[in-house]
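Observations on the model geometry
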Amino acid sequence: MRIARFVTTAEPRYGIVEGEPDAPAEELVVTELHGDPFFQGIQPTSTRHQLAEVRLVAPIIPRSKVVGVGRNWADHATELGNEVPDRPQFFLKPNTSVVGPGEPVTLPAWSEEVSYEAELAVVIGTICKDVPLERVDDVVFGYTVANDLTARDAQRGDLQWARAKGFDGACPLGPWIETELSTSDTEDLTITMALDGQTVQEGTTADMVFGVRQIVAAASEAFTLLPGDIILTGTPAGVGQVESGQRTEATVEGIGTLGTVYRR
């Protein structure tokens, strides 16, 4: 089930995107949900829209936090000259960094080196703490696509990553949340990134140092996780710089494609 958040002329609403996974937007419809599915469950209404006639926004704005995992792909760690960690390395992004599919990201004036990172994102569905590996599926609402934008020059120069990873627009999410994947399904998903139509990243989650179960369990040891919290799982090799006027498309197999445009 694909849960989207969209606007027509009023406040954002949630809906179920229906139709074949690879169908164009003109062939997909959105059935509105009653209220917030994170707190009221999935309750379809009788109101339907053509997907092409609505504007998708970020499928969730975390009430609390976005948790990122650094150096979770050996080849990506190597390309940046870093060692592979022996346990998940976490950082936080504020919810003000989140933008939706197709929304423009204004590159920060203080950085000349913003990089794209295509990632699988985990969406937490219930409040939880110290989750054992065998119960991770119980706390996951679904999965979406993320672009973990990073100001590399600030990342190198600052003492910590808050500015480099947390600037406004640094966490595009979308296009929707896929609720029918299990943690087992995430063990070998293809992730790609295209820059102006050319593939620049391609990898599989089978190559992650730590899988979804390990990441969620470890994150829940450090932080109480709340409904709508996002956990980013890392990116394959091939990261590179974006410039004003360019477009990226991050794709995760079984979920969809997240487009992002950039401007100064």
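The shown structure was predicted, so the numbers you read here are calculated from the model rather than taken from an experiment.

In terms of helices and strands, the chain carries 6 helices and 19 strands. In summary, the chain has a C-alpha radius of gyration of 17 Å against a globular reference of 18 Å for 264 residues, a match within 12%. Along the longest, intermediate and shortest principal axes, the C-alpha atoms of the chain span 55 × 45 × 30 Å. The burial tally for the chain puts 54% of its 264 residues in the buried class. Taking the intrachain contacts of the chain between residues at least 6 apart in sequence as the baseline, contacts between residues at least 24 apart amount to 71%. Of the roughly 11,300 Å² of accessible surface on the chain, a fraction of 47% belongs to carbon and sulfur atoms.

Where the residue is not glycine, phi is negative for most of them; where a peptide bond is considered, it is trans in most cases. Omega for the bond connecting Gly174 with Pro175 falls within 30 degrees of zero, at 0°, which places this linkage in the cis form. When you line up the elements, Pro175 lands in strand β14 (residues 171–178). Even without being a glycine, Arg71 presents a positive backbone phi close to 55°. For Arg71, a relative accessible area of 32% translates into the label partly exposed. With phi around 50°, Asp196 is a residue other than glycine that occupies positive phi space. Assignment of secondary structure puts Asp196 in the loop between β15 (190–195) and β16 (198–204).

Moving on, we come to the pattern of salt bridges. All chains considered together, the criterion is met by 14 salt bridges. Note that Arg156 is salt-bridged to Glu113, the shortest N-O span being 2.7 Å. One end of the pair, Arg156, is in helix α4 (residues 152–157); the other, Glu113, is in the loop between β9 (104–106) and β10 (114–115), and 43 residues separate them in sequence. Look at Arg156 and you get exposed, because its relative accessible area is 59%.

On to helix α6 (residues 212–222). Within the sequence span of α6, burial applies to Val212, Ile215, Val216, Ala217, Ala218, Ala219 and Ser220. In this structure, the buried residues of α6 make contact with β6 (66–70), β7 (89–93), β11 (118–124), α3 (136–139), β12 (140–147) and β17 (230–232).

The next thing to look at is the sheet that holds β16. The mixed open sheet is built from 5 strands, whose spatial order is β9-β19-β18-β15-β16. Only two strands of the sheet have a single neighbouring strand rather than two, namely β9 and β16. Between one strand axis and the next, the sheet turns through 20° on average, direction left out of account. Direction of pairing for strand β18 (residues 247–252) relative to strand β19 (residues 256–263): antiparallel, over a ladder of 6 bridges. In the strand pairing of β19, Thr251 is matched with Thr257.

A few words now on the nonpolar core. Judged by nonpolar contacts, the single largest core of 54 residues is most densely connected at Val216 and Ile231. Excluding residues within four positions of it along the chain, Val216 makes contact with Val122, Ile124, Val136, Val139, Leu225 and Ile231.

Cut-offs and rules
Sequence order as written defines residue numbering, which begins from 1 separately in each chain. Predicted model: local features are reported for residues with pLDDT of at least 70 only, side-chain atom pairs are reported and counted for 80 or more only, and whole-chain, interface and lining totals are derived from all residues. Side-chain metrics in this entry use all non-hydrogen atoms of the structure; hydrogen atoms and water are not considered. Note on conventions: DSSP H or I runs of at least 4 residues are helices, E runs of at least 2 residues are strands, and numbering of each starts at the N terminus. The size measure is the radius of gyration over C-alpha atoms, and the globule rule it meets is 2.2 Å times the number of residues to the 0.38 power. Type-normalised accessible area, obtained with a 1.4 Å probe on protein chains alone, sets the label of each residue: buried when under 20%, exposed when over 50%, and partly exposed for intermediate values. Any two residues whose heavy atoms approach within 4.5 Å are treated as being in contact. What sets the accessible areas is the Shrake-Rupley method with a 1.4 Å probe; for residues, cover comes only from the shown protein chains. Any carboxyl oxygen of Asp or Glu that lies within 4 Å of a side-chain nitrogen of Lys or Arg is treated as forming a salt bridge with it. A pair of strands is labelled paired if DSSP reports no fewer than 2 bridges between them. The convention used is that axes are lines fitted to C-alpha atoms, helices contributing only their stretch in contact, and that angles between N-to-C directions extend from 0 to 180 degrees. Joining through side-chain atoms within 4.5 Å is the link that ties buried Ala, Val, Leu, Ile, Met, Phe, Trp, Tyr and Cys residues into a set, and such a set is a nonpolar core.

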